[in-house]
Amino acid sequence: MNYVTIREELLAFRQRIPGCRVIAFADLSTGMVLASSTSEKTTQEKLDALCAAGLKTLMGEMAHVVHEQFGRGAGASSRVAVNATLVGTRCFVRARPPAQEALCLVMDPKTPLAPLLSAALALVDQLAGEGEQ
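Residues numbered from 1 in each chain as written. Predicted model: local features only at pLDDT ≥ 70, side-chain atom pairs only at ≥ 80, totals over all residues. Heavy atoms only, no water.

Draft legend 1. Representation of the pattern of salt bridges in the model. All told, the structure shown has three salt bridges when counted by the stated rule. The salt bridge involving Asp-108 is made with Arg-21; its shortest N-O contact spans 2.9 Å. Highlighted residues: Asp-108 in the loop between β5 (101-107) and α4 (113-132) and Arg-21 in strand β1 (residues 20-27), separated in sequence by 87 residues. Look at Asp-108 and you get partly exposed, because its relative accessible area is 31%. What makes Arg-21 partly exposed here is its relative accessible area of 24%. Taking the shortest distance from any N to any O, the salt bridge between Asp-125 and Arg-96 comes out at 3.6 Å. With Asp-125 in helix α4 and Arg-96 in the loop between β4 (89-94) and β5, this pair connects stretches of sequence that are 29 residues apart. Residue classification places Asp-125 among the partly exposed residues on the basis of a relative accessible area of 23%. Take Arg-96: its relative accessible area is 53%, and that puts it in the exposed class. (Salt bridge = Lys/Arg side-chain N within 4 Å of Asp/Glu carboxyl O. Helix = DSSP H or I, 4+ residues; strand = E, 2+ residues; numbered from the N terminus. Buried < 20%, exposed > 50% of the residue type's maximum accessible area, 1.4 Å probe, protein only.)

Draft legend 2. Representation of helix α2 (residues 44-59) in the model. The end-to-end C-alpha separation of α2 is 22 Å, in line with the 22 Å expected for 16 residues at 1.5 Å each. Taken as a whole, α2 has its buried residues at Leu-47, Leu-50, Cys-51, Ala-53, Gly-54 and Leu-58. Axial view of α2: buried residues confined to an arc of 160°, hence all on one face. Projecting away from the buried face of α2 at angles above 90 degrees are the exposed residues Glu-45 and Lys-56. (Expected span 1.5 Å × (residues − 1). Arc of directions from axis to C-beta.)

Draft legend 3. Seen up close, the side chain of Thr-89. Tracing the sequence through the fold places Thr-89 in strand β4. Other than its neighbours up to four places away in sequence, Thr-89 contacts Val-82, Asn-83, Ala-84, Leu-105, Val-106, Met-107, Asp-108, Pro-109 and Leu-113. (Contact = heavy atoms within 4.5 Å.)

Laid out in structure tokens, this is it:
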């Protein structure tokens, strides 16, 4: 039986998505990066900062304010958040609750988001489900 590691899954995903520079699988409950794949050498500090940004974006105070304003309530949580700038796009994709895992991605600014987000949601749910077994 062939077992594929999480790191191999992340590498395959990154290589399939044009412009994907970083993908990190993180545990939001601990703020830890569990595995990652990058197109260039990246320090653990940068990965940790990306994970912290994902935690703040998906579960921080601003996320709660957004949910209150859009009628979902303070206890609700988003599964996807995107931060786009001229130099790159950061996407944070959370596994289906109650799982606490998320993917934190850094892409080139012109990376098409719709196919990326759809594939990332499927991957994070798959990876989070593997941890439950």
